[in-house]
Amino acid sequence: MTPLAVFLDFDSTFFFQILFSTAFIWPALLVIEITLVAQTAGIILGFPLALGRMSRNPLFKLPVDFYLWIFRGTPLVLQILFIYDGTAELFNNPPILYPITRNAVVAGTLALALNEAAYMTEIIRAGLQAVDPGQIDAAKALGMTRLQAMRHIVIPQALRIIVPPTFNEYINMSKNTSLLVIMGGVAELLFTAQAFYSANYRVFEALAVAAIWYLLITSFLTQIQSSIEKRFGERQDVAAAARTGFLRRLMLGGGRR
Amino acid sequence: MNAPVIKAEDVHKRFHSLEVLKGINLTVDGGEVVVIMGPSGSGKSTFLRCLNHLEKINSGRIEINGHFIGYRQAPDGRLIEESDRKVARQRAEIGMVFQRFNLFPHMTVIENVMLPPVLVKGTSRSVARQRALDLLEQVGLPEKADVYPAKLSGGQQQRVAIARALAMDPKVMLFDEPTSALDPELVGEVLDTMKALAKTGMTMVCVTHEVGFAREVADRAVLMDDGVVVEEGAPEAFFTAPQHSRTKQFLSKIL
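Reading the values: rules and limits
- Sequence order as written defines the numbering, with residues in each chain counted from 1.
- The lettering of chains begins at A and the numbering of ligands begins at 1, in the order of writing.
- With pLDDT at 70 or above as the cut-off, local features in this predicted model cover only qualifying residues; side-chain atom pairs require 80 or more to be listed or tallied, and sums for whole chains, interfaces and linings still use all residues.
- Hydrogens are left out, water is left out, and the side-chain values use all remaining heavy atoms of the structure.
- Using a 1 Å grid laid over the protein atoms alone, points where a 1.4 Å probe fits but cannot get out form a cavity; open sets with protein on both sides within 12 Å along at least 5 of 7 lines form a pocket; any residue with an atom within 4 Å of a point counts as lining.
- Grid points are joined across faces, edges and corners, and a volume is the space filled by probe spheres set on the points.
- Only DSSP runs of H or I covering at least 4 residues are called helices, and only runs of E covering at least 2 are called strands; the numbering of each starts at the N terminus.
- Amino acids outside the nonpolar list (Ala, Val, Leu, Ile, Met, Phe, Trp, Tyr, Cys, Pro) and the charged list (Asp, Glu, Lys, Arg) are all regarded as polar, and Gly is one of them.
- With a 1.4 Å probe rolled over the protein chains alone, any residue whose accessible area is under 20% of its type maximum counts as buried; one over 50% counts as exposed, and the rest are partly exposed.
- Polar contact is defined as a pair of N or O atoms within 3.5 Å, subject to the rule that within protein one atom must be able to donate a hydrogen and the other to accept it, and that residues adjacent in sequence are counted only when both atoms are side-chain atoms.
- Pairing between strands is defined by DSSP: at least two bridges between the two strands are required.
- Throughout, a contact is declared for two residues whenever any of their heavy atoms are within 4.5 Å.
- Here the quantity called buried area is the total loss of accessible area, with a 1.4 Å probe, experienced by two parts when brought into contact, counted for both.
- Salt bridges are identified by distance alone: a Lys or Arg side-chain nitrogen within 4 Å of an Asp or Glu carboxyl oxygen.
- Here an angle of 0 to 180 degrees is reported between the N-to-C directions of two axes, which are lines fitted to C-alpha atoms, with helices fitted over the stretch in contact.

K.L.:
Looking at this structure, how should I read the layout of surface pockets?
P.N.:
If you add up the space inside the largest pocket, you get close to 1300 Å³. Along its surface, the largest pocket is lined by 28 residues, and M54, R56, I136, K140 and R146 of chain A are the ones closest to its centre. Broken down by secondary-structure element, the contributors of at least two residues to the lining of the largest pocket are α3 (22–54), α7 (104–129), α8 (133–141) and α9 (146–176) of chain A together with α2 (84–91) of chain B. A total of five residues in the lining of the largest pocket trace back to one element, the largest contributor, which is α9 of chain A. Its residues assigned to classes, the lining of the largest pocket comprises 12 nonpolar, four polar and 12 charged.

K.L.:
I would appreciate a short explanation of the side chain of H106 of chain B in the present structure.
P.N.:
Turning to its location among the elements, H106 of chain B is positioned in the loop between β8 (94–97) and α3 (109–121). Residue classification places H106 of chain B among the buried residues on the basis of a relative accessible area of 1%. Within polar-contact distance, the side chain of H106 of chain B engages the side chain of Q157 of chain A at 3.5 Å.

K.L.:
Would you mind showing me how to read the sheet that holds strand β1 (residues 4–15) of chain B here?
P.N.:
In any sheet, the strands associate via hydrogen bonds between backbone groups, in a parallel or an antiparallel arrangement. Taking strand neighbours across the sheet as the criterion, the four strands line up as β2-β1-β4-β5 (chain B) in an open arrangement whose pairing is antiparallel. Each end of this open sheet is capped by a strand with a single partner; those strands are β2 (18–29) and β5 (67–68) of chain B.

K.L.:
For this particular structure, what's the right way to read the interface of chain B and chain A?
P.N.:
On the chain A side, the residues contacting the 30 residues of chain B number 25 residues. The contact between chain B and chain A buries some 2500 Å² in all, and 61% of this surface belongs to carbon and sulfur atoms. Considering only the surface of chain B that becomes buried against chain A, H106, L119 and Y148 of chain B emerge as the three largest contributors, covering 25% of it. At the boundary of chain B with chain A, the tally comes to two salt bridges. Across the pair D137 of chain A and R49 of chain B runs a salt bridge, and its minimum N-O distance is 2.9 Å. Summed over the shared surface of chain B and chain A, the number is seven residue pairs in polar contact (both at pLDDT 80 or more). For the side of chain B that touches chain A, the elements supplying multiple residues, two or more each, are α2, β8, α3 and α5 (154–166) of chain B. With six residues, α3 of chain B is the single largest residue contributor to the side of chain B that touches chain A.

K.L.:
Is there a simple way to explain the sheet that holds strand β10 (residues 203–207) of chain B in this structure?
P.N.:
Residues and elements named next belong to chain B. Across the sheet, six strands lie side by side as β8-β9-β10-β3-β11-β12; this open sheet has mixed pairing. If you trace the sheet from one side to the other, it starts and ends with β8 and β12 (228–233), each paired once. Taking the axes of each pair of neighbouring strands and ignoring which way they run, one obtains an average angle of 20° across the sheet. Pairing between strand β3 (residues 33–37) and β10: four bridges, direction parallel.

Below, the structure written as structure tokens:
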């Protein structure tokens, strides 16, 4: 069919029928769920990895470098298949691995999280290293231990640098969940669209619906992001510092005043 | 009050192959104010940073208040580096003021001054707050308590930094070029604060090129050059009749 024919043939009844049907609402919610879980796990894993990468001890640094080399140097789709199918093959699929090898949602989320951890490591490391070394000198000179200096002086200042790009990662993650389609067992948006058009060959309509849902999700996240960037993108002025104080209490739970 | 507070013996420090300190000997008695001068690259800042173990030394020994800083002595006489916790506790009684102030930008002035005793010494927040307010009064900035450092002038920031160091009740204060990053018209207020502190009997080691300050309050002036102490003596003699040619050369450039 020519493009014009596709356009003329567009089945708007079908399109609107599925656009806001539960058939797509549930997948959309699943995409949001996987995004939140995988990205948040990636952030949490990224912190110790970043510290390892910055370590002068090769015992900590080399394994982290190796991890980053693998996860940043191979395609994400390959990593997903590796964890879903590869793990089963590699370990002869013992029952203890069933939660991963027989559950595509868990395997996919795990793969996304492990991959994201590698990228978050670099974002967090860059943030921590951007803090003026004089700050650590001052903290040490006042008698703080390395841990206290990290917790009270370095991390709160690094967060201001880390938060904006991290939020960007949430947006990327929401789109990367579509790669789980490769496993064929995760009812996310792209899989659902495929399921529709393989039944009735209404490819354009089904993919358009999926696209609209992705746009809704990413636009929503972008809205949140721009309000956060307004707070954190500013230079190191009083207002930003005050807000970092707020975020420090929010994220680290150090609610003492 | 005249037991030595600082005793540095034959301190050597290398950065890779570059030897920065080539055997420094310096003793500072309780209540004494010592000014260290010298051309840039002479090792004076590095020496100061060795005194609170911000830099490790390669050989020699440094005692503060009668105990080694950063190291403990093994039975066979060798020095072993102390744990992070122990070093932190030792540093708590050595105040330090930096050229670039290094106030914590994410905290208000009062938080800067009260947080260290709360974290490090377990002082209660109400006691620490009161003490911080007193110290801000002492450095002449009581009205800036709830302001963030970025809103202060360089001179004001440095006075807060002095108050922050004093909040730990240090036995000795180290000043690393405290006025070098300041606009000329702001130098006076910081020097006045330091002079007032010297009058309270605080033991002070100041790396500075402020000759006026040295002549007025220092008990001793020291010239360092190329990693060694070239000359030391009472400020009057040091500035008017230096013995060593390198001292004369240096003074001719700054006087």
